[in-house]
Amino acid sequence: MSLPTPEECMRLALGLAERAARDGEVPVGAALLSPDGAIFTGRNRCESMGPLDHAEFEAIQSGLAALGRRGLGACTLYVTLEPCVMCLGAMVHARIGGLVYACPEPRFGGVSALQELWRQGRYPHRFPVASGLCEEESHLLLRRFFAERRP
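Reference entry: report on the structure contained in this document.

Criteria and cut-off values
- Residues numbered from 1 in each chain as written.
- Predicted model: local features only at pLDDT ≥ 70, side-chain atom pairs only at ≥ 80, totals over all residues.
- Heavy atoms only, no water.
- Buried < 20%, exposed > 50% of the residue type's maximum accessible area, 1.4 Å probe, protein only.
- Helix = DSSP H or I, 4+ residues; strand = E, 2+ residues; numbered from the N terminus.
- Right-handed = clockwise from strand over helix to strand, strands pointing away.
- Polar contact = N/O pair within 3.5 Å; in protein donor to acceptor, adjacent residues only side chain to side chain.
- Contact = heavy atoms within 4.5 Å.

### Notes on the pairing of strand β3 (residues 76–81)
- With 5 of 6 residues buried, β3 lies mostly within the body of the structure.
- Note on the crossover from β3 through helix α3 (residues 85–94) to strand β4 (residues 98–103): the handedness is right-handed.

Next up, the structure:
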């Protein structure tokens, strides 16, 4: 059995984001891939569950329940939108192995803030960050969602 490709993981996250949009949630999806091929998923549920129910939290919590904290060090999290500072803090504390996000979030994205904290030596746990995978699809999904809700 071969591992899913990064694009397959991001497409899974995009499907979860579409499901979130159908439920009236901001369309963000996340897929946490473990080295053995297990995938833990999440989607935004902030409107239905509460302000802390971000896609990243759901995927990380599922991974923690199955693998434990030490098990996430080799996992990569795929997210359709640049994570906020809160979610990045959760990734640091859960000690994930890597992050790939589709498109930037100019208002609430926190990757540049996290990288500045790393430069300052504030967080001992660091992980690689990449962006741009399926960026256009994620942008289109977000634009369509907000265009339907905002005049």
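### Concerning the side chain of Glu82
- With respect to the helices and strands, the residue Glu82 is situated in the loop between β3 and α3.
- Reaching out from Glu82, the side chain makes a polar contact with the backbone nitrogen of Glu105 at a distance of 3.0 Å.
- Beyond its immediate chain neighbours, meaning those up to four positions away, Glu82 contacts Tyr101, Cys103, Pro104, Glu105, Gly109, Gly110, Val111 and Ser112.

### A short note on unusual backbone geometry
- We note that Arg95 has phi near 60°; this positive angle belongs to a residue other than glycine.
- Mapping Arg95 onto the fold places it in the loop between α3 and β4.
- Residues other than glycine seldom take positive phi values, yet Cys134 does so here, at roughly 60°.
- Summarising the element assignment, Cys134 is placed in the loop between β5 (129–131) and α5 (135–149).

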